[in-house]
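The residues making up each chain are set out below.
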Amino acid sequence: MLLAPLDLADPDLKDILLETPVGDRRRIDIETGSTVIEVKKDLRPAKIREDAVEQLRGYVEARQAETGRRFVGVLSDGVEWRCYHLGLSGLEEVAGFSLKGTDADGLLLWLEGVMATTQHISPTPREIRLRLGAGTSSHALDRATLTSLYKASKEIESVRLKRKLWARLLTTALGTQFEDRDDLFVEHTLLVNSAEIIAHAVLGLPLETITPAALLTGSKFDESGVYGVVESDFFDWVIEVPGGETFVRTLARRLGRFEWSDVEHDVLKVLYESVIAQETRKKLGEYYTPDWLAEAMVAETIEDPLNARVLDPACGSGTFLFHAVRRFIKAAETNGLSLKELFEGVTRSVVGLDLHPVAVTLARVTYLLAIGRERLAAPGRPTIQIPIYLGDSVQWQQKEISLFTHGNLVVETSDGAELFSTELRFPDKLLEDARVFDELIEDLATKASKRKRGTPVPSLSGVFQRLGIPQEWRETLIASFKTLCRLHDEGRDHIWSYYIRNLARPRWLERQGNRVDVLIGNPPWLAYRNMTEEMQRSFRKMSMSRHLWHGAKVATHQDLSGLFVARCVQQYLRQGGRFAFVMPNAVIDRGQFAGFRQAAYSDTAEPVNVQFGEAWDLRRIRPHFFPRGAAVVFGTKAAAPVALSREIELWSGRLPGPNLSWSEAKPHLERKSGHAVVSGGAKGSPYADRFSQGASLVPRMLLCVEEMPASPLGVPHGRRSIRSTRSAYEKKPWKDLAALEGIVESEFIRPLYLGETVLPYRLLSSGMAVIPWDGLELCHGESERLELYPGLAGWWRQAEQVWLAHRSSERLTLVDQVNFRQKLSNQFPIQPRRIVYSKAGMHLAAAVVTDPRGIIDHKLYWGVAATEAEADFVCAILNSAAVTQLVRPLMSYGKDERDIDKHVWELPIPEFDASDSDHAEISKLGATARAEVLALELDESKHFAALRRTVREHLASSPTGQAIEQLVVELLA
């Protein structure tokens, strides 16, 4: 082991000890640092493994009792490696590694994560992911320990309060997408504790000599004259609970192995994305801007960094702030500014806000990283306040009277559980001087927390005199101080200083004299459908007053980002100031952003107009860096509006990797002029009203079936033995449920045409579904008619029970679900000739269904053709490559264009007229193309996408297909 790259031979570390005694004549096989290793010949036998775990438990307990440090136990037979820690239920396994073949590097990385011995690690994105990210043994150990601490202490009053305030803020920030879960609170605590420790390392402070309490409350920063980086917050509960200080010391030792002195990127963003699971980040919409894009936007927008105040109102981990600070520093040093001028200038000029408490802490450390240790440690460096604040930039959740009332800042102290119902009030004008306000609040909170319970409330005269507080403000402040003292007596303090100072900051920035020259960042992309009901009401009201509400069918697609930008421009940007924001790509060309593109957001408070510049369309960059297509909008706050132009700059290219700088990314990107095709749902074709979406036959395991072999006794005449069709595409909870089985009357088992059933001009074999239509109505559990069909009744009642137990909405019955918006019942009586086309995909595919019993699924749109000639005409147009290319810019998209829906009818496709020679010719060619495709020999066992491609290739090379293309282009020109 000494020869392995684990730094075990470092003279500053403990030697490897073999067979060390631990009492009762027991000996530890291997001991190094804070790790004990027990080796067995073979751990596969259960009895040997159980005995070894019990033996290891004794060693770990003994060492922790002796040293007061956290010890880790490792059990191994050379192939299997298992890591344990002492949790609430004894020795708990937290990480494992199975050696396969010669994967020595993987084993060494796993061991190093457990023992934390390697020193002087460069904090590159790769090293952070490998050594600290989710899935590493290091992260598993830290997370398991912190989870145990929280479970044992969650009912402590101060811990409970901090968790409630954390949940309240994130519900405001993220809506229904936020889940108030213990494990997420633990993950956030680990992230913030890590960031605060890293902050000390950035300054070169010796982590091993700083107490855990100082690491998490920032007292060393106060002593160094660097304020606003680390302070008491939601996540310092760790040092209030038994075992917490040991955890913080261990975490500090792990993080102290990295060289944090010189970082060239937003390293905290990498840490966050490495620790929080991708599924969680996707659900919360937490995807941070890549460094290359932030750097490019900063360069484009901040033309004169020394004379521009910049605000990122949704700063996240601080990516934009990092590059704005670096740009300011470069200009300051180029222009020969003194160290004092540099620090005063940058902290005045680059400011951040965010509603996410984890993001705020990460951004503060990122700000320090951008400044750099060398400058922070330079002689003569002045006292500085890092200007990153926790706050609601939009303030649309805030009641009109709840923040400022009668000249006072008002902070509600209720936690939503009626634990207390008083307020904290502070004179409004205190905010004029941010330094005095912050220092006063900190003094009041400190004096309240240091006062012994039950003793008289101390005098504030000294504080008032030192800070020059006017006499007319003092009575209000004394009343608030008494409330802080009562909160302390009830065990509900430690957090209000942090909460108050940050909550007020957006309103301070809103004042005319404090407004900024540049707004830049990536606003929250929170869809209307994912907001809480209260947020939806506020969002709709504020959007309507600013002409941003679109309503209609795109209401649920409306996004907070548009309102966020309009509101921030209104509140924080001076007249003539510039802005640049990363937005969903839909801002360029989709109906839900039509009001935003018009550039006039005036409400009753004040007129707000912007003049948009040329937007960047980033959809074509690969690999995708967001789960949805992105764009960047630029503009200026102006007296008169200038709408967003359809002339845009198209970006494309393939980047060689993540976390690139702008200089690294730029050679791989192409930028050219383009034109946005705006989709607004206009009906360019009379066919728009003739086509409807098919029925939502989901969950499929309750409705889609396959034939099941009958028993030796057979089945009654007119019935069929069936079971649920299963698919790899099923989602939870349905994928985990057992298949249904039954014998159902044949008339209720119908052919089902799905999206994958349709090729251009041709249908593949249909599936089957149980459809409870008896010729008059859809039968259901409460329908008397269901009793007439015992086979159907047995199946349907079985399906309804499963549905009721696992449905996501309590309002919908199973029949309501399958007949949502009458998309099933509207198909009856079934018409003899229906045109169907694919809802989704990169290419349209259309065919004709003549099956008199066939049901159309929601992945298809269908319409009735009056004649065979009309059907051939419409199919020929829909299957043409020209129509696919024309509709593609109108399609909705995530990473790529994906949903055709009814956008195709925004094209000017005319209704079939048999007397029109061009129509007749297209119809004739369509019939020929249909015959050619039906004659193709296709292996239907292949994936439908491959079969569609084969058909398209045939049409592209055939004279028939080429003639159709030419006529369709002319028709739609």
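Please refer to the structure higher up on the page.
Since the structure is predicted, the reported quantities are computational estimates derived from the model, not experimental observations.

Undergrad: Quick rundown of the pairing of strand 26 (residues 749–753)? Include the residues and the values.
TA: Across the five residues of strand 26, five count as buried, placing the element largely inside the fold. In terms of strand pairing, strand 26 meets strand 29 (residues 767–770) through four bridges, oriented antiparallel. The partner of Arg750 across the bridge, within strand 29, is Ala769. Inspection of the sheet shows strand 26 paired to strand 32 (residues 855–856) by two bridges, in the parallel sense. The residue of strand 32 that forms the bridge with Leu752 is Ile855.

Undergrad: Quick rundown of the packing of aromatic side chains? Include the residues and the values.
TA: Within this structure, the stated rule accounts for 35 aromatic pairs. Members of the aromatic cluster, connected to one another through ring pairs, are Trp292, Trp525, Trp616, Phe625, Phe626, Phe634, Trp651 and Trp662. Taking the ring centre of Trp616 as reference, the NZ or CZ of Arg671 above it sits at 5.1 Å.

Undergrad: Please set out the sheet that holds strand 31 (residues 846–849) residue by residue, giving values where relevant.
TA: Strand pairs in the sheet, formed through backbone hydrogen bonds, run parallel or antiparallel to each other. The strand order across the open sheet built from four strands is 22-33-30-31, with neighbouring strands paired in antiparallel fashion. Every other strand in the sheet has two partners, leaving strand 22 (691–693) and strand 31 as the edge strands with one partner each. Taking the axes of each pair of neighbouring strands and ignoring which way they run, one obtains an average angle of 30° across the sheet. In the sheet, strand 22 pairs with strand 33 (residues 860–864) via three bridges, with the strands oriented antiparallel. In the sheet register, Phe691 faces strand 33, and the bridge partner there is Gly863. With respect to the sheet, helix 30 (residues 868–878) is in contact with strand 22, strand 30 (834–838) and strand 31, its orientation differing from that of strand 31 by roughly 155°.

Undergrad: Run through unusual backbone geometry, naming residues and quoting values.
TA: In this structure, the amide linkage connecting Val698 to the following residue, Pro699, adopts the cis form with an omega of 0°. Residue placement: Pro699 occurs in the loop between strand 22 and helix 27 (700–703). For the peptide bond that leads from Lys732 to Pro733, omega is 5°, which places it in the cis range. Structurally, the position occupied by Pro733 is in the loop between strand 24 (719–724) and strand 25 (741–745). Backbone geometry at His120 places phi at a positive 60°, although glycine is not the residue there. One non-glycine residue, Gln822, lies in the positive phi region at around 60°. Considering the arrangement of structural elements, one finds Gln822 in the loop between helix 29 (814–818) and strand 30. Take Gln822: its relative accessible area is 44%, and that puts it in the partly exposed class.

The rules behind each value
- Residues numbered from 1 in each chain as written.
- Predicted model: local features only at pLDDT ≥ 70, side-chain atom pairs only at ≥ 80, totals over all residues.
- Heavy atoms only, no water.
- Buried < 20%, exposed > 50% of the residue type's maximum accessible area, 1.4 Å probe, protein only.
- Helix = DSSP H or I, 4+ residues; strand = E, 2+ residues; numbered from the N terminus.
- Pairing = 2+ DSSP bridges.
- Phe/Tyr/Trp six-rings, centres within 6.5 Å; stacked < 30°, edge-to-face > 60°.
- Lys NZ or Arg CZ within 6 Å of the ring centre and 35° of its normal.
- Axes fitted to C-alpha atoms, helices over the stretch in contact; angles between N-to-C directions.
- Contact = heavy atoms within 4.5 Å.

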